[in-house]
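Single-letter residue listing:
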Amino acid sequence: MGKAADLSEFVRGQIVMARRLGMNITETARLVGCSQFVVVSIHAKWINNGDTSSRCQGVGYPRVIKEKGRRRLPRLVKQNRHQTVAQLTAQYNASPSASVSEHTVQRTLLDMGLCSRRPTRVPLLTKRHHQLHLQWSQEHREWTMDEWKRVAWSDKSRFLIHHVDGRARVRRLPGASLLYSRSYTG
């Protein structure tokens with residue numbers, strides 16, 4: 001037996017329709033699988049307001065970043081996907097009407113699905129690459145240990161001579177995990 005807040009709009013509509021067709025409260029409650037009190041309260045809401053929704057208006061604090069700002073943030077992110085939250089906040093607050101904290105910007109970005117992830121730095125292997133790897137390994141499966149010791153594996157480590165490789169992060173939507181990996185310059 002569900003509470004009134006747990007019921008879907010479809011079930012609420014069933015309650016209203018069953019009551020309008022003349023079913024009594026007990027039969028309606030049995031039909032939709034809820035308590036008689038829920039049937040009475042939903043039907044009363046429909047009679048008084050013409051609506052059965054249970055949404056409470058004005059609950060919680062109003063959003064600091066309004067709809068216009070929520071449209072602006074993704075544009076700022078797309079300008080440079082490597083910006084930190086502090087840089088994005090400073091850029092957002094550059095407009096005269098805005099003044100929000102880094103925490104608010106971070107929370108809004110997460111709500112919008114613009115998560116921060118490590119960029120992909122290597123291209124993915126294709127079916128052709130897999131075929132070439134398999135062919136190469138089959139050609140060399142009879143090698144001895146001494147022959148394998150003379151092989152230098154270049155894909156194991158990456159060495160940087162002129163710059164430090166920090167923990168760069170990229171903002172992108174969850175479904176776009178590899179679309180912007182080529183924009184990383186290191």
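Look up a bit, the structure's there.
What comes next is a walk through the structure. Only a predicted model underlies this, so the values are computations on that prediction, with no experimental measurement involved. (Residues numbered from 1 in each chain as written. Predicted model: local features only at pLDDT ≥ 70, side-chain atom pairs only at ≥ 80, totals over all residues. Heavy atoms only, no water.)

### Focus: the packing of helix α4 (residues 67–79) against helix α5 (residues 85–92)
It is the contact of α4 with α5, at a shortest axis distance of 11 Å, that shows an interaxial angle of 125 degrees. On the basis of their axis angle, the class for α4 and α5 is oblique. In this structure, α4 meets α5 at a crossing whose hand is right-handed. Here Gly69, Arg72, Leu73, Leu76, Val77 and Gln79 of α4 come into contact with α5, specifically with Leu88, Gln91 and Tyr92. Considering only residue class, the contact of α4 with α5 consists of 5 nonpolar, 3 polar and 1 charged. (Axes fitted to C-alpha atoms, helices over the stretch in contact; angles between N-to-C directions. Helix = DSSP H or I, 4+ residues; strand = E, 2+ residues; numbered from the N terminus. Parallel < 35°, antiparallel > 145°, perpendicular 65-115°, else oblique. Left-handed = near helix turned anticlockwise from the far one by under 90°. Contact = heavy atoms within 4.5 Å. Nonpolar A, V, L, I, M, F, W, Y, C, P; charged D, E, K, R; others polar.)

### A closer look at α5
Those residues of α5 lying buried are Val85, Leu88, Thr89 and Tyr92. When α5 is viewed along its axis, its buried side chains cluster within an angular range of 100 degrees and face the same direction. Contacts from the buried residues of α5 go to α4, α6 (102–111) and β2 (170–172). (Buried < 20%, exposed > 50% of the residue type's maximum accessible area, 1.4 Å probe, protein only. Arc of directions from axis to C-beta.)

### Let's talk about the nonpolar core
Residues Ile65, Leu73, Leu76, Val77, Val85, Leu88, Tyr92, Ala98, Val100, Val105, Leu109 and Leu114 constitute the largest nonpolar core, which totals 12 residues. Counting only elements with at least two residues in this core, the list comes to α4, α5 and α6. Leave out the neighbours within four places in its chain, and Leu73 touches Ile65, Tyr92, Val105, Thr108 and Leu109. Listed in part, the 10 residues of the second largest apolar core include Val16, Ala29, Cys34 and Val39. (Core = buried A, V, L, I, M, F, W, Y, C linked by side-chain atoms within 4.5 Å.)

### Let's talk about the packing of aromatic side chains
Throughout the structure, instances matching the rule amount to 3 aromatic pairs. Plain terms: the ring middles of Trp136 and Trp143 are 6.4 Å apart, the flat faces sit at 65 degrees to each other, and that makes the pair edge-to-face. Taking relative accessible area as the criterion, Trp136 reaches 35% and is therefore assigned partly exposed. Taking relative accessible area as the criterion, Trp143 reaches 30% and is therefore assigned partly exposed. Measuring from ring centre to ring centre gives 5.7 Å for Trp136 and Trp148, while their planes differ by 65 degrees; the resulting arrangement is edge-to-face. Note that Trp136 is positioned in helix α7 (residues 127–139) and Trp148 in helix α8 (residues 145–149), a separation of 12 residues in sequence. Aromatic rings pair up to connect Trp136, Trp143 and Trp148 into one cluster. (Phe/Tyr/Trp six-rings, centres within 6.5 Å; stacked < 30°, edge-to-face > 60°.)

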